[in-house]
Amino acid sequence: MKNTFNILLLYLFVSFFMACSNDNFLEEVVVVEEITEDIIDEKEIDAADPPISTPIPTVTLKEGQIYPENGVMASTFGYTKENATVALKAALESNNSVIIIDKQEADWIIEPLKLFGINNKRIFLEEGVVIRSKASAFGALSASLIDLIMCEDLIIDGYEASFQMNKEEYTDGEWRHALSIRGSSGITIRGLEFRDSGGDGIYLSGTENPGTFSENIIIEDIKSINNKRQGFSIISAKDVWVTNSLFSETNGALPESGVDFEPNRESDILENINFSNCSFTNNKHAGILLSLGNLTSNSSPISINFTDCFTSSNSSIENAYVDSEIVIGGNSNSLVQGDVQFDRLTIDGSDWGMLYSRKVAEGFHVSFTDCVLKNICKDNSKSPITLEVADYSSETESLGGFTFNNIQVEYATDVPLITINGWETLKTLKDIKGNFKMPQNGNQIIKYSNYDKVKNTNVSILLEEL
């Protein structure tokens, strides 16, 4: 009996030792240790920082690709190459928390897909997957490729995958978006390319109910290319982080900008919107457009931040709107409060200037800090900065509300650094401070047109030789 017990004890000891030596077991322990270390080392979270995703254990489901465990392949819901709408909808609306949209022999051809209340899912698009609009299926002007409505806590990873539409079909309208996000929260989009839509690459808003918005939105490493109206439209949103992304070649329906902030109603909000390491290039209108005319002093204050961003070669002379890399406008009678900040912006290569604005001074303030502007104003028709009276027919209290801190400017043409286009309706140029560094090339610093500078209020421009 004693010998039998000893043999059993020895067997259990050997089995435990062999389990501990198993490679998979050791790898799992290392992953857990790394996750724990990352959490311990993480800095204290600031309210303005994006939320930190909870680490998810992973398991290899297909050679070369790693997905969270318990993932289900979307094709198992009945994929067909002629029309994959039913399969994709069934997969995304299923009870599965992890869905892999797997590469098939052909694209995922779909009709307009609206998804209501999809929550708590992680969605992967395999490398090479294309979700494409079905030909002749998007006759409705507002038919988006995928429309997320009142969804929560979704992570969509699609590196080397794309949403593509048939832009050449859409000869009317401007709202056939590649991805629409409305009244949703906790949405993360990574790695995808959005292109050739009949509207915006991405559209972000609230629902049809006044005062609603989308919030806690993370967009990383995406490309939005050759869309008809905008690369990205932000209508009503709070706590948005956009990083390492490209918005390029927008053309087809006005305004045709890289990103456009364009609230529809006084109750819409633009709070804690952040772009970092993003590029806005070759769009037919401005790279960055703020169209805030529908917000008033009764609206919630705005806060929009651009950090380490790049613009180049935006605005075509064929576009109906004014030519500039950045255009900022608002309500001339009752302007929303708040701040817009550009930190370490670089513009390299443009026929036009950095900024055009008709903003009154009493509303939100705009600041540019440590920016580099070079090889600009090549058309010799626009200054690096142009400010124009907000209203030619009714008296305007002011024009201004800008700060320019440490701006390096280099251009070869002879336009003034700043042009002020006034009119008899403008009472004062107000609250403009700046220090610029530029070569001493004899350029006029400020040119006033139809305005007497003796009416200036709190205007100070300093120039240093570069």
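Quick notes on the rules
Residues numbered from 1 in each chain as written. Predicted model: local features only at pLDDT ≥ 70, side-chain atom pairs only at ≥ 80, totals over all residues. Heavy atoms only, no water. Salt bridge = Lys/Arg side-chain N within 4 Å of Asp/Glu carboxyl O. Buried < 20%, exposed > 50% of the residue type's maximum accessible area, 1.4 Å probe, protein only. Helix = DSSP H or I, 4+ residues; strand = E, 2+ residues; numbered from the N terminus. Pairing = 2+ DSSP bridges. Core = buried A, V, L, I, M, F, W, Y, C linked by side-chain atoms within 4.5 Å. Contact = heavy atoms within 4.5 Å. Axes fitted to C-alpha atoms, helices over the stretch in contact; angles between N-to-C directions. Phe/Tyr/Trp six-rings, centres within 6.5 Å; stacked < 30°, edge-to-face > 60°. pLDDT = per-residue confidence, 0-100.

For the chain, an unreviewed UniProt entry supplies the name Right handed beta helix region and the organism Cellulophaga baltica.

(A) Expanded view of the pattern of salt bridges. Taken as a whole, this structure holds 16 salt bridges when the rule is applied. A salt bridge links Asp172 to Arg176; its shortest N-O distance comes to 3.2 Å. A relative accessible area of 2% places Arg176 in the buried class. Its salt-bridge partner being Asp196, residue Arg195 comes within 3.2 Å of it at the nearest N-O pair. Given the relative accessible area of 13%, Asp196 is considered buried.

(B) Seen up close, the pairing of strand β28 (residues 338-343). The alternating pattern of β28 places Gly338, Val340 and Phe342 on a buried face and Asp339, Gln341 and Asp343 on a face that is not buried. Bridge count between strand β25 (residues 302-307) and β28: 6 bridges; the pairing is parallel. Each bridged residue has a counterpart across the sheet, and for Ile302 the counterpart in β28 is Gly338. Bridging between β28 and strand β31 (residues 365-374) involves 5 bridges; their strand directions are parallel. Bridge assignment links Phe342 to a residue of β31, and that residue is Phe368.

(C) The arrangement of the nonpolar core in detail. Counting residues in hydrophobic clusters, the biggest one holds 103 residues, and the most contacted among them are Ile131, Phe261, Phe275 and Phe368. If we ignore the near neighbours within four places in the chain, the residues touching Phe368 are Ile326, Phe342, Leu345, Met354, Leu355, Thr403, Phe404, Asn405 and Ile407.

(D) Highlighting the sheet that holds strand β12 (residues 179-182). Reading across the sheet, the 12 strands line up as β6-β9-β12-β15-β18-β21-β24-β27-β30-β32-β34-β36 and stay open at both edges, with parallel pairing between neighbours. Only two strands of the sheet have a single partner each, and these edge strands are β6 (113-116) and β36 (446-449). The sheet shows a mean angle of 10° between the axes of neighbouring strands, direction not considered. Both strand β27 (residues 326-330) and strand β30 (residues 355-357) contribute to a ladder of 3 bridges, which runs parallel. The residue of β30 that forms the bridge with Val327 is Tyr356.

(E) Focus on unusual backbone geometry. Residue Pro255 is bonded to the preceding Leu254 through a cis peptide linkage, with omega at 10°. The phi dihedral of Asn120 falls on the positive side, at around 55°, and the residue is not glycine. Tracing the backbone shows Asn120 in strand β7 (residues 119-125). Residue class for Asn120 comes out exposed when judged on its relative accessible area of 53%. Even without glycine at this site, Asp431 takes up a positive phi of about 55°.

(F) A look at helix α3 (residues 85-92). Residues Thr85, Ala87, Leu88, Ala91 and Leu92 constitute the buried set of α3. As for α3, its buried residues are in contact with β4 (98-101), β5 (108-110), β6, β7 and β8 (130-133).

(G) View of the packing of aromatic side chains. Scanning the model with the defined rule gives 18 aromatic pairs in all. An angle of 15° between the planes, with centres 6.0 Å apart, marks the rings of Phe232 and Phe247 as stacked. Taken together, the positions of Phe232 in strand β18 (residues 230-234) and Phe247 in strand β20 (residues 246-248) put the pair 15 residues apart, joining distant regions of the chain. Note on accessibility: Phe232 and Phe247 belong to one class, buried. A ring pair is formed by Phe280 and Phe306, whose centres lie 6.1 Å apart and whose planes are at 70°; its orientation type is edge-to-face. Of this pair, Phe280 sits in strand β23 (residues 279-281) while Phe306 sits in strand β25, and the two are 26 residues apart along the sequence.

(H) Fine view of the confidence of the model for the chain. Per-residue confidence for the chain averages 89 on the pLDDT scale, and 86% of its residues sit at or above 70. Low confidence marks residues 1-47, where pLDDT is under 50. Its contacts with residues over four positions away, or in another chain, come to 9 contacts. With pLDDT under 50 throughout, residues 53-62 is counted as low confidence; its partners more than four residues away or in other chains account for 20 contacts.

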